[in-house]
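# Structure assessment
Here is how the chains run, residue by residue.
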Amino acid sequence: MPMCGIVGYAGTRPALGIVLDGLRRLEYRGYDSAGVAIVDGAELVACKRAGKLTNLEKAVADLAAGGADLAAGAVDRAGGGDRAGGGDRAGGGLATGTTGIGHTRWATHGGPTDRNAHPHRSADGRVAVIHNGIIENFAALQAELEAAGVELASETDSECAAHLLAAELAALEEGAPDQAIAVSGVPSSGAALAEAMRRVCRRLAGAFTLLAVDTAAPGVVVGARRDSPLVVGRGEGENYLASDVAAFIAHTREAVELGQDQVVTITADRIQVTDFAGNPTTGREYHVDWDASAAEKGGYDYFMLKEIAEQPRAVADTLRGRFTEAGGIALDEVRLTGQDLRNVDKIFIVACGTAYHSGLVAKYAIEHWTRIPCEVELASEFRYRDPVLDRSTLVVAISQSGETMDTLMALRHAREQKARVLAICNTNGSTIPRESDAVLYTHAGPEIAVASTKAFLTQLVACYLVGLHLAQVRGVKFADEVAAVVAQLEAMPGKVAAVLETMEPVRALGRELAAARSVLFVGRHVGYPVALEGALKLKELAYMHAEGFAAGELKHGPIALIEEGTPVVCVVPSPAGRGVLHDKLGSNLQEVRARGARTIVIAEEGDDAVVPYADHLVRVPATPTLLAPLLTAVPLQVLACEIAVARGHDVDQPRNLAKSVTVE
Ligand code: AGP
């Protein structure tokens, strides 16, 4: 199941609260259903519910309080039978077990129901599994299981993994149990579960993160990953597994990044990693540099509001440490040599959604500064159009989460064609940077809201840095020219903060527009991608039709959409830049106004030419043309957010969406 939240715990404390708290921090990854499985001695209790995490928390509270069994499929007990082993407490070991796994789901195979929620259990009840990703060969596996007499309880691909694991465990226990590689410090039953996991993983096609627990291996959680995120949290006398460090950061900031096709076994005091063949290996240890509070709302009603407000610091943090004393660019962390960069004769930027829009802005800057042709492609289209790539091509993959499957597959295609791949990413330890030749991390901090805001601005900053770095290394810009742009960039955090100070009229306008049927966005040059981004924000947050256009395109058709009162947002370029652009957008403003449009104009302070055509005028500080999107995007974020709030939507978790789209 793609785009899900996954948590595992093995330690000495009761696992339930730790797992539920972890799920709460991952709910943004998918919230169609949720479930937990807790092992206490030889007893396994699983509880799962459709809907948001609060439904599960209520079910668990009822269960722990000895409430009656909940809706069929919501509560499973096993101790080798259907009934809870051990005591006859209604909640069984739910509240006391110190080993557990948990899952929040974004539904693909099978609707968001109790039965399709994770965890899924083997027929004998001894194994519970949670899964993120898609098992592409599950139909064949399902047929094999049904032929063997297994009765599937759900419509999901994930359930197959539970039955396959149980079958492998049975085979191991019937055969020579020592076939399972005994691993020091892990109970032999844990080694058996790990070996069974390796055998199952070798049979799966597709992308997956799997976690499993086994009543025969109390104190052990086994995980596996291919093309889907899984990170280890190393604690004191306890260890964690999760799809994102946010799940365990309240307990430890020491993390271990796992590589492709790896199986990890955790107990209270051991972390063992092997490849799918069983060869011991290690993950990359790293320290997570933000704390639990950063992943909280910090007093804002929504994560999105907090993240909009964090943009000045996010921009400053992404710039920090990347300049020389002389005002040049210093990107030593980017593992591409000067020669690699001088060899580049073509650039492709591949990304999705908001990240794609940041790439569209980057194109203008990179081509202007470096004179290298730069194409921007939707990642989901890129590899299917058979692009012309070779060793002199630089592919820049932009991704906040670092797990977007479309973007991952695009960069894999690029590498197969021998192109160099540079990732721009906000998530340390994620898959896209790991599979790229080099990475430039944005430092936006955790972006929890599904609608991307601070990640967008920091992606722009990272793209500007890459463009200037290329120009500097290739000598197409003198040091003083680079230093001049660097000085402009260093002023941007303050200018973003200045824009945020003047957003009250935009919020008021948002409340007025909440009843609008549609909003159009127009811009020219770098204002055009900003128009696209403004439209995307409105679509995904307010569920309102919105469309972004190049202003010059209006007269070629879209202007027919204008009727009395149609709201049209116009992103006006600086008059100090290419004046012709400014004047032409002025004409476009008049065109739409003459047809009854309600114009909302984003323009620089001092630009008085637009005043006669603006029903609403939003000012931003004067800024060089290429850097203006860092400012003009902010009112559009605020507008969309306010309209969504006025419409009563869940701003952080818009319907049908999830934060990380790990399915193609
Ligand atoms: C943006 O508001 C959306 N949430 C979405 O378009 C997002 O930008 C896109 O899915 C790409 O995600 P990524 O940056 O994590 O790769």
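Everything that follows concerns the structure shown earlier in this document.
Source: prediction; values computed, not measured.

## Notes on the overall build of the protein chain
The helix and strand inventory of the protein chain stands at 19 helices and 26 strands. The C-alpha atoms of the protein chain give 26 Å as radius of gyration, which agrees with the globular expectation for 664 residues (26 Å, within 12%). With the C-alpha coordinates aligned to their principal axes, the bounding extent of the protein chain is approximately 80 × 55 × 45 Å. The proportion of buried residues among the 664 residues of the protein chain is 62%. Long-range contacts, defined as pairs at least 24 residues apart, comprise 73% of the intrachain contacts of the protein chain with a sequence gap of at least 6.

## A look at the packing of aromatic side chains
Per the stated rule, a full pass over the model turns up 5 aromatic pairs. Where Tyr9 meets Tyr240, the ring centres are 5.4 Å apart and the plane angle is 55°; that geometry is what we call tilted. With a gap of 231 residues between them, Tyr9 in strand 1 (residues 5-10) and Tyr240 in strand 11 (residues 239-242) connect regions that are remote in the sequence. Grouped by ring-pair contacts, the aromatic residues Tyr9, Tyr240 and Phe248 constitute a single cluster.

## Observations concerning the nonpolar core
Ile347, Ile349, Tyr464, Phe521 and Leu538 are the most contacted members of the largest nonpolar core, which totals 93 residues. Broken down by element, this core gets its largest block of residues, 12 residues, from helix 13 (residues 454-473). Discounting residues that sit within four places of it in the chain, Ile347 has contacts with Ile366, Ile372, Pro373, Cys374, Glu375, Leu394, Val396 and Leu470. Val19, Leu26, Val245 and Trp290 belong to the second largest nonpolar core, which has 33 residues in total.

## Re helix 1 (residues 15-26)
The end-to-end C-alpha separation of helix 1 is 16 Å, in line with the 16 Å expected for 12 residues at 1.5 Å each. Packing partners of the buried residues in helix 1 comprise strand 1, strand 2 (33-40), helix 2 (53-64), strand 5 (99-105) and strand 11.

## With respect to helix 11 (residues 405-416)
It helps to recall that an α-helix has 3.6 residues per turn; residues three or four apart then point in one direction. For helix 11, which comprises 12 residues, the first-to-last C-alpha distance of 16 Å matches the rise-based estimate of 16 Å (1.5 Å per residue) to within 8%. For helix 11, the tally of buried residues reaches 10 of 12 residues, placing the bulk of the element in the interior. With its phi angle positive at about 70°, Lys418 sits one or two positions after the end of helix 11.

## Section: the site of the ligand
Lining the immediate surroundings of the ligand are 15 residues, of which Ser399, Ser401, Thr404, Val450 and Glu540 lie closest. One of the side-chain N or O atoms of Lys537 is found 2.9 Å from an oxygen atom in the ligand. Here the ligand loses 90% of its free accessible area of 410 Å² to cover by the protein chains. Those elements that provide at least two residues to the shell around the ligand are helix 9 (353-370) and helix 17 (527-542).

## Let's talk about empty space enclosed by the protein
Counted under the stated rule, the structure contains 4 cavities of 30 Å³ or more. The computed volume of the largest cavity comes to approximately 130 Å³. In terms of lining residues, the largest cavity is bounded by 18 residues, among which Val572, Pro573, Ser574, Ala628 and Thr632 are the most central. For the lining of the largest cavity, the secondary-structure elements that each account for two or more residues are strand 25 (598-604) and helix 19 (629-646). Element by element, the count of residues in the lining of the largest cavity is highest for strand 25, at 3 residues. Grouping the amino acids of the lining of the largest cavity by side-chain chemistry returns 10 nonpolar, 6 polar and 2 charged.

## Some details on the environment of Val395
The residue Val395 is located in strand 19 (residues 393-399) in this model. With 16 residues separating them along the chain, Val395 and Leu411 place their C-alpha atoms 7.4 Å apart. Sequence-distant contacts of Val395, that is, excluding residues within four places in its chain, are made with Phe348, Val350, Leu389, Ala414, Ala419, Arg420, Val421 and Leu422.

## Quick look at the layout of surface pockets
One number sums up the size of the largest pocket: a volume of about 720 Å³. Taken together, 42 residues make up the lining of the largest pocket; nearest its centre are Trp290, Asn426, Thr427, Asn428 and Pro446. Looking at the lining of the largest pocket, the elements that each hand over two or more residues are strand 16 (284-287), helix 7 (311-319) and helix 12 (431-434). Of the residues in the lining of the largest pocket, the class split is 14 nonpolar, 14 polar and 14 charged.

What counts and how
Residues numbered from 1 in each chain as written. Predicted model: local features only at pLDDT ≥ 70, side-chain atom pairs only at ≥ 80, totals over all residues. Heavy atoms only, no water. Helix = DSSP H or I, 4+ residues; strand = E, 2+ residues; numbered from the N terminus. Rg over C-alpha atoms; globule rule 2.2 N^0.38 Å. Buried < 20%, exposed > 50% of the residue type's maximum accessible area, 1.4 Å probe, protein only. Contact = heavy atoms within 4.5 Å. Phe/Tyr/Trp six-rings, centres within 6.5 Å; stacked < 30°, edge-to-face > 60°. Core = buried A, V, L, I, M, F, W, Y, C linked by side-chain atoms within 4.5 Å. Expected span 1.5 Å × (residues − 1). Near = heavy atom within 4 Å. Polar contact = N/O pair within 3.5 Å; in protein donor to acceptor, adjacent residues only side chain to side chain. Areas by Shrake-Rupley, 256 points an atom, 1.4 Å probe, with all protein chains shown as cover. 1 Å grid on protein atoms, 1.4 Å probe; cavity = no way out; pocket = protein on both sides within 12 Å on 5 of 7 lines; lining within 4 Å. Points joined across faces, edges and corners; volume = space filled by probe spheres on them. Nonpolar A, V, L, I, M, F, W, Y, C, P; charged D, E, K, R; others polar.

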